Amino acid sequence: MRVLLVEDAAAVARSVAQGLSEEGFSVDVAHDGEDGLHLASEIAYDVIILDRMLPVIDGLTVLRRLRERGVRTPVLLLTALGEVIDRVEGLDAGADDYLVKPFAFEELLARVRALLRREHGHARNVVEVGALVLDLAARTASVVGRPLALTAREFNLLELLVLHPDTTFSRTAIIDQLYDEATELESNVIDVFVARLRRKLEEVGLPGLIRTLRGAGYRLDSAAAGGGAS
């Protein structure tokens, strides 16, 4: 999952970005409202974490402009302002959730996951597609109780496909979702990850789960998993 963090306090941005990366997120960081608005308008993020007090363009203005442009990405607003009126202003401007500074990273992470679940129509961190079960919080995968030994990147790819079953992703779209702007990649990196993931799924009895659509990309075939998403 790809996250945009817009935060001008360097230490906070560095700490949050590192924590999210360690939890498997791909993170882009902007340090002022202008850069944040540009990135959020150009890239399809899964979640935006937006500080309210930003240089150049303040967070509320960024948020309002994004909503005016039709950007519906879930936004978690960060602020040092904890009064009720401040929270109301943020929510009325289009924020989906609100977190007051200082905060524990564990709470921020839980709120990000909650926004992702809500966006994809799931009530809990455990997502099932037929026999395949993903625990998004524990970052584990299993098939009928048999664990899948996945690398972080393999889990990220499987998570993307599981959250969008029967949706075709081009290689470019997958790269955009799994990697940040600063990462340089080999041209066949997605093909390599798909091949490894397919092999591991076949070993636990799910051959054909990830389909290749020639010239289009890859998709997770929910019928091959033995049922629809839940």
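Residues numbered from 1 in each chain as written. Predicted model: local features only at pLDDT ≥ 70, side-chain atom pairs only at ≥ 80, totals over all residues. Heavy atoms only, no water.

**Brief notes about a nonpolar patch on the surface**
- Taken together, the side chains of Val84, Ile85 and Val88 present a nonpolar region at the surface, about 260 Å² in accessible area.
- Here Val84 lies in helix 4 (residues 84–92).
- Since its relative accessible area comes to 52%, Val84 is described here as exposed. (Patch = residues over 30% accessible without salt bridge, like charges linked within 9 Å, V, L, I, M, F, W, Y side chains within 5 Å. Areas by Shrake-Rupley, 256 points an atom, 1.4 Å probe, with all protein chains shown as cover. Salt bridge = Lys/Arg side-chain N within 4 Å of Asp/Glu carboxyl O. Helix = DSSP H or I, 4+ residues; strand = E, 2+ residues; numbered from the N terminus. Buried < 20%, exposed > 50% of the residue type's maximum accessible area, 1.4 Å probe, protein only.)

**Observations concerning the packing of helix 6 (residues 152–163) against helix 7 (residues 171–178)**
- Viewed as axis vectors pointing N to C, helix 6 and helix 7 meet at an angle of 115 degrees, and their least axial separation amounts to 11 Å. Regarding helix 6 and helix 7, the two cross each other, and that crossing is right-handed. The residues of helix 7 that touch helix 6, namely those facing Arg153, Asn156, Leu157 and Leu160, are Ile174, Gln177 and Leu178.
- Each residue belonging to the contact of helix 6 with helix 7 can be placed in one class, and the counts come to 4 nonpolar, 2 polar and 1 charged. (Axes fitted to C-alpha atoms, helices over the stretch in contact; angles between N-to-C directions. Left-handed = near helix turned anticlockwise from the far one by under 90°. Contact = heavy atoms within 4.5 Å. Nonpolar A, V, L, I, M, F, W, Y, C, P; charged D, E, K, R; others polar.)

**Concerning the pattern of salt bridges**
- Here the structure, examined in full by the defined rule, presents 13 salt bridges.
- Here Asp51 ties to Lys101 by a salt bridge, and the two come within 3.2 Å at their closest N and O atoms. One end of the pair, Asp51, is in strand 3 (residues 47–51); the other, Lys101, is in the loop between strand 5 (97–100) and helix 5 (105–119), and 50 residues separate them in sequence.
- Given the relative accessible area of 3%, Asp51 is considered buried.

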